[in-house]
Amino acid sequence: MTEKKRLLLGITGGIAAYKIAEAARLFTQEDIEVHTVMTESACHFVGPATFQALTGNPVYTDLWQASAMQNMPHIHLSRKVDLILIAPASADFIAKLANGLADDLLATLCLARNCPLLIAPAMNRQMWENPATQRNLSRLRQDGVGILGPAYGTQACGETGMGRMLEAPALLEALRNAMFSDKLFSGTRILITAGPTFEAIDAVRGITNRSSGKMGYAIAQAAIESGATVTLISGPTCLTPPAVHQFIPVISADEMLHAVQTTTPQTDIFISVAAVADYRAAQIQPQKIKKTNTALSIELIPAPDILQTVSQSPNPPFCVGFAAETEQLVQNAQIKRRKKKLPLLVANLVQDAIGADESELILFDDNGKHLLSKAAKIVQAHRIIQHIHTLYPQSGHLVS
Ligand code: CTP
């Protein structure tokens, strides 16, 4: 890191606030200048003196205290930083952000900001799963707010589930990515496919697979944060798309191929994360197939291989493939990379990855293989984007 960056660290009320002291220490060790703002409830869990000592800067706790030093503290503080990180972000604060409330210093300066905002949610699993919280998070994603985690695990209340705040090293990595790789791909057009496809058999049934779309959506988020112009083509998922330039929802492999082919002439990098069906029904029955007591055969024919179609077209974009394997990961991944002529292939073991929020990945390129140790998908997504940057634009080569 060369240039000194300024972070506004917002701490809201939650037991995970104690962990953020360690994170603040890591941030300052990275030469990030940290300015801390705590909500009133955060102060019930940790003291401002801790952060003052760790960051070497005054800690702000309310609008009126800060006013004593600055005329317009909410404007002043948000203008002098490169990024705002709210960690932990409580369910209550997330609700405030989603609705644009400004009833305390932290909420006010988030509303007045002109820099990126990241939040690291931390809460009880039931609060996390509550539709109101998920609705608020969807809204924030659409507003371009980056959401870090949470992780799955044991919670302070004794329950186990989603809602643990990411650990300090993961927060540091996310911060580095957001603060230092923002111009990596500015002006570059990145196309990403994500999620499963659904191949209809009859009016109500079809063939699909267990892809959640989380990895593809995380890559889209990381690509946005790297400054790229991002198009996301997605099969059916339950996720809210990040704030991409263009979002194209599709259902089947044929539809996905059509959308991809329409977009590739304006694409520099194609990252094929989608779990595309390999087969589809030869005939789609227009009505629901009725049950009988005899065996039923459905003729399946190959679905198009979208990545291979693109990578073997004349003047292809820089193509990145994903390989989901259940066995012999290294061998299968290497065969796949050669067969599809890809400068980069990202491989994982499916049983570890589907629907999970963390994954362990192996990257295969002309230089060999590189392990990406287990981390949150958004962290992995940034690592992949950075790795692509080390290879791009030497993409004219064909893989032997
Ligand atoms: N892919 C694709 N179209 C398909 C199948 C796969 O574009 N019909 C892409 C995926 O998006 C991924 C890569 O090809 O980037 C590898 O997908 P994977 O399912 O792991 O491999 P397959 O080529 O389908 O081979 P197999 O299912 O035999 O492992």
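Look above for the structure.
Now for a quick tour of the structure. (Residues numbered from 1 in each chain as written. Predicted model: local features only at pLDDT ≥ 70, side-chain atom pairs only at ≥ 80, totals over all residues. Heavy atoms only, no water.)

**Concerning the pairing of strand β7 (residues 151–154)**
The test is simple: Here the rule is simple: two strands pair whenever DSSP picks up at least two bridges between them. A run of H or I in DSSP counts as a helix once it spans at least four residues, and a run of E counts as a strand once it spans at least two, with each numbered from the N terminus.
Where β7 meets strand β8 (residues 160–164), four bridges bridge the pair, whose relative direction is antiparallel. Bridging across to β8, Ala151 finds its partner in Arg164. Taking the residues that link successive antiparallel strands as the turn, the β7-β8 hairpin has five residues, and the phi of Gly158 there is positive, at about 100 degrees.

**Remarks on the packing of helix α11 (residues 214–225) against helix α16 (residues 377–391)**
Note the cut-off: To obtain each axis, a line is fitted to C-alpha atoms, and for helices this fit is confined to the stretch in contact; angles are then taken between N-to-C directions over 0 to 180 degrees. When describing relative orientation, an angle under 35 degrees is termed roughly parallel and one over 145 degrees roughly antiparallel, while 65 to 115 degrees is termed roughly perpendicular and anything else oblique. By definition, any crossing whose near helix is turned counterclockwise from its far helix by less than a right angle is left-handed, and any crossing with a clockwise turn is right-handed. We call two residues in contact when some of their heavy atoms are within 4.5 Å. Residue classes follow a fixed rule: Ala, Val, Leu, Ile, Met, Phe, Trp, Tyr, Cys and Pro count as nonpolar, while Asp, Glu, Lys and Arg count as charged, and any other residue, Gly among them, counts as polar.
Two elements in contact, α11 and α16, have axes whose closest approach is 8 Å; the angle formed by their N-to-C orientations is 55 degrees. When the axis of α11 is compared with that of α16, the two are oblique. Crossing angle aside, the handedness with which α11 passes α16 is right-handed. For the pair formed by α11 and α16, the contact residues are Lys214, Met215, Ala218, Ile219, Gln221, Ala222, Ala223 and Glu225 on the first element and Lys377, Ile378, Gln380, Ala381, His382, Ile384 and Ile385 on the second. The class makeup of the residues in the contact of α11 with α16 is nine nonpolar, three polar and three charged.

**A look at the packing of helix α10 (residues 168–180) against α16**
Across the interface, α10 lies against α16 with an axial gap of 10 Å and an inter-helix angle of 40 degrees. As the angle between them shows, α10 and α16 are arranged oblique. Crossing geometry of α10 relative to α16 is assigned as left-handed. Seen from α10, the contacting residues are Ala170, Glu173 and Asn177; seen from α16, they are Val379, His382, Arg383 and Gln386.

**Here we look at unusual backbone geometry**
For residues that are not glycine, phi is negative in most cases, and the peptide bond is trans in most cases. Put simply, the rule is: When a residue's accessible area, from a 1.4 Å probe over protein chains only, is under 20% of the maximum for its type it is buried; when over 50% it is exposed; and in between it is partly exposed.
In the segment running from Ala87 into Pro88, the intervening peptide bond is cis, with an omega of -5 degrees. By secondary structure assignment, the location of Pro88 is in strand β4 (residues 83–89). Gly149 connects to Pro150 through a cis peptide bond whose omega is 5 degrees. Unlike most non-glycine residues, Asp31 shows phi in positive territory, near 70 degrees. Exposure remark for Asp31: the relative accessible area of 42% places this residue in the partly exposed category. In this structure, Lys341 is a non-glycine residue whose phi angle is positive, near 55 degrees.

**What to know about the sheet that holds strand β9 (residues 189–194)**
The strand order across the open sheet formed by eight strands is β13-β12-β9-β14-β17-β18-β19-β20, and the pairing between neighbours is mixed. Edge positions in the sheet fall to β13 (246–249) and β20 (368–376), since each has one partner strand and no second. The sheet shows a mean angle of 15 degrees between the axes of neighbouring strands, direction not considered. The sheet contact formed by strand β19 (residues 358–365) and β20 spans seven bridges and is antiparallel. Each residue of the ladder has a partner; that of Glu358, found in β20, is Ala376. Packed onto the sheet, α16 meets β14 (269–272), β17 (318–325), β18 (344–349), β19 and β20 and runs at close to 155 degrees relative to β20.

**Considerations on the site of the ligand**
Quick reminder of the rule: Working definition: residue near molecule or strand if any one of its non-hydrogen atoms lies within 4 Å of it. Any pair of nitrogen or oxygen atoms within 3.5 Å is treated as a polar contact; in protein, a donor-acceptor pairing is required on top of that, and neighbouring residues in sequence qualify only through side-chain atoms on both sides. In short, Shrake-Rupley with a 1.4 Å probe defines the accessible areas, and a residue's cover is counted only from the protein chains shown. Grid spacing is 1 Å over the protein atoms alone, the probe is 1.4 Å, and a cavity is where that probe fits but cannot get out, while a pocket is an open set with protein on both sides within 12 Å along at least five of seven lines and lining residues have an atom within 4 Å of a point. Cavities and pockets are treated as containing a molecule whenever more than half of the molecule's atoms lie within 2 Å of their grid points.
Around the ligand sit 15 residues in total, of which Ser272, Ala274, Leu307, Lys336 and Lys340 are the nearest. One of the backbone nitrogen or oxygen atoms of Pro304 is found 2.9 Å away from a nitrogen atom of the ligand. Within the backbone of Ile306, one N or O atom sits 3.1 Å away from a nitrogen atom of the ligand. Its free accessible area being 560 Å², the ligand has 78% of it covered by the protein chains. Here the ligand occupies the largest pocket. Elements with a contribution of two residues or more to the shell around the ligand: α13 (306–311), β17 and α14 (329–340). Ranked by residues supplied to the shell around the ligand, first place goes to β17 with four residues. Of the residues in the shell around the ligand, the class split is nine nonpolar, two polar and four charged.

No statement about biological role is implied by the geometric values presented.
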